[in-house]
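# Structure assessment
Residue-level listing of the chains:
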Amino acid sequence: MANYSLDDRFIRTLPDSTEVAVATKDLRVFYGDHEAIHGVSLPFERYKITALIGPSGSGKSTYLRSINRMNDNIYGSRVTGQIMYRGVDINSDAVDVYEMRKHIGMVFQRPNPFAKSIYDNITFALKRFGVRDKATLDQVVETTLKQAALWDQVKDKLHQSALALSGGQQQRLCIARAIAMKPDILLMDEPASALDPISTAALEDTMKALTEQLTIIIVTHNMQQAARVSDYTAFFYNGQCLEFDETRKIFTRPKIQATDDYVSGNFG
Ligand SMILES: Nc1ncnc2c1ncn2[C@@H]1O[C@H](COP(=O)(O)OP(=O)(O)OP(=O)(O)O)[C@@H](O)[C@H]1O
């Protein structure tokens, strides 16, 4: 594999007028003594989709998970630096992590519905946060399933097990479940990796439609997908972000050799 210089970087600065949903500043993630993310500073524009790309092991998932502090759950991990959200550093000990995750939700690589009905999957967290009114819950179920492009397929079986749905349907249910909390930001870790092309296309349409109400940060190995859905792309290599720019620039005229080699398939 070519040995790329980690000093060779281009990180686009967004104009001051840009509304930034969340930004990391000098974010470092450690697993024990191993520093997996070496000081990444990136802004994520509100209501846009940003794709995180890069070779396996470059730190994309670690970085993504740190944004809503999922790394807190990993024994021995430590995160330093800032994660600025609405003027608050949510990497601070003072932050209520469960409350914060209502604003910054996550969808994982493998669909992980609860072993409950479709309806209960969507309403579970809302009920835990005290929403009891049936009409309100019914409304949330219908709205979120429509947003996730699943309503027509499941409206007559809302009380059947979510586990009986196909993989693509389960993933869209997990999106409906995540958006039921009305998050401001949705983190998606390779959400289409277990899906067929038709389900993937439906998922990408759903993502684009969701940008009317939220900001998406997605890890993907699929370059066509990054080019199709995202507004910005960040290229990760060896725990660093080497290039961050508008997606069309990353895929047509990247400024960094490593990015060029990666997006054109000449890497490694
Ligand atoms: N739970 C963990 N404990 C210890 N080390 C970890 C853990 N998760 C990831 N790492 C290490 O952190 C580094 C970055 O891994 P990460 O999974 O974030 O990369 P990635 O770019 O998302 O890879 P992939 O594309 O293969 O999913 C790797 O060296 C990996 O071995």
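Computed from a predicted structure; not experimentally measured.

Along the backbone of the chain there are 10 helices and 11 strands. Taken along the three principal axes of its C-alpha coordinates, the chain extends 55 × 45 × 40 Å. Taking the contacts inside the chain whose residues are at least 6 apart along the sequence as the reference set, 70% of them involve residues at least 24 apart. Within the structure as shown, the chain displays about 12,500 Å² of accessible surface, and the carbon and sulfur contribution to it stands at 47%. Computed over 31 positive and 32 negative side-chain charges, the inter-centroid distance for the chain is 4 Å.

As summarised here, the arrangement of the seven strands in space is β1-β11-β10-β4-β9-β8-β7, forming an open sheet in which the pairing is mixed. Across the chains shown, the open sheet's two edge strands, defined by having one partner strand only, are β1 (10–11) and β7 (104–107). Relative to strand β11 (residues 240–246), β1 is paired through two bridges, and the arrangement is parallel. Counted as the bridge partner of Ile11 is Phe244 from β11. Contacts between helix α6 (residues 167–179) and the sheet are confined to β7 and β8 (185–189), with β7 contributing the most and set at about 170° to the helix.

Pairing is antiparallel across the open sheet formed by four strands, whose spatial order is β3-β2-β5-β6. Each end of this open sheet is capped by a strand with a single partner; those strands are β3 (34–45) and β6 (88–89). Strand direction decides the pairing type here: strand β2 (residues 20–31) and strand β5 (residues 77–85), joined by seven bridges, are antiparallel. Note on β5: the bridge partner recorded for Thr24 is Ile83. Of the strands in this sheet, β2, β3 and β5 are in contact with helix α1 (residues 60–67), which crosses β2 at around 120°.

Turning to the packing of helix α3 (residues 118–128) against α6, a few remarks are in order. For any two helices packed against each other, the geometry comes down to the angle between their axes and how far apart the axes lie. Close contact between α3 and α6 brings their axes to 8 Å; oriented N to C, the two are set at 30°. Taken together, the axes of α3 and α6 are roughly parallel relative to one another. Where α3 crosses over α6, the handedness of that crossing is right-handed. Residues Ile118, Asn121 and Ile122 of α3 form the contact with α6, whose own contacting residues are Leu173, Ala176 and Arg177. Residues of the contact of α3 with α6, tallied by class, amount to four nonpolar, one polar and one charged.

This part takes up the side chain of Thr215. In this structure, Thr215 sits in strand β9 (residues 215–219). At 2.9 Å, the side chain of Thr215 forms a polar contact with the backbone nitrogen of Tyr47. Residues in contact with Thr215, not counting those within four places in the same chain, are Ala21, Glu45, Arg46, Tyr47, Lys48, Asp184, Ile185 and Leu186.

Using the residue numbers shown here, the UniProt feature "domain: ABC transporter" (unreviewed entry) corresponds to residues 22–263. As annotated, residues 22–263 has a helix share of 38% and a strand share of 27%, and its two end C-alpha atoms lie 26 Å apart.

Before going further, it helps to examine the site of the ligand. Around the ligand, 14 residues are found, and the nearest of them are Ser56, Gly57, Lys60, Thr62 and His221. A distance of 2.7 Å separates an oxygen atom of the ligand from a polar side-chain atom of His221. Starting from 630 Å² of accessible surface for the ligand in isolation, the protein chains cover 62%. Only β3 and α1 provide two or more residues apiece to the shell around the ligand. Top contributing element to the shell around the ligand by residue count: α1, with four residues. Along the lines of polarity and charge, the residues of the shell around the ligand split into four nonpolar, eight polar and two charged.

Rules and cut-offs
Residues numbered from 1 in each chain as written. Predicted model: local features only at pLDDT ≥ 70, side-chain atom pairs only at ≥ 80, totals over all residues. Heavy atoms only, no water. Helix = DSSP H or I, 4+ residues; strand = E, 2+ residues; numbered from the N terminus. Contact = heavy atoms within 4.5 Å. Areas by Shrake-Rupley, 256 points an atom, 1.4 Å probe, with all protein chains shown as cover. Lys, Arg positive; Asp, Glu negative; His and termini not counted. Charge placed at Lys NZ, Arg CZ, Asp CG, Glu CD. Pairing = 2+ DSSP bridges. Axes fitted to C-alpha atoms, helices over the stretch in contact; angles between N-to-C directions. Parallel < 35°, antiparallel > 145°, perpendicular 65-115°, else oblique. Left-handed = near helix turned anticlockwise from the far one by under 90°. Nonpolar A, V, L, I, M, F, W, Y, C, P; charged D, E, K, R; others polar. Polar contact = N/O pair within 3.5 Å; in protein donor to acceptor, adjacent residues only side chain to side chain. UniProt positions renumbered as here; feature names shortened; annotations may be inferred. Near = heavy atom within 4 Å.

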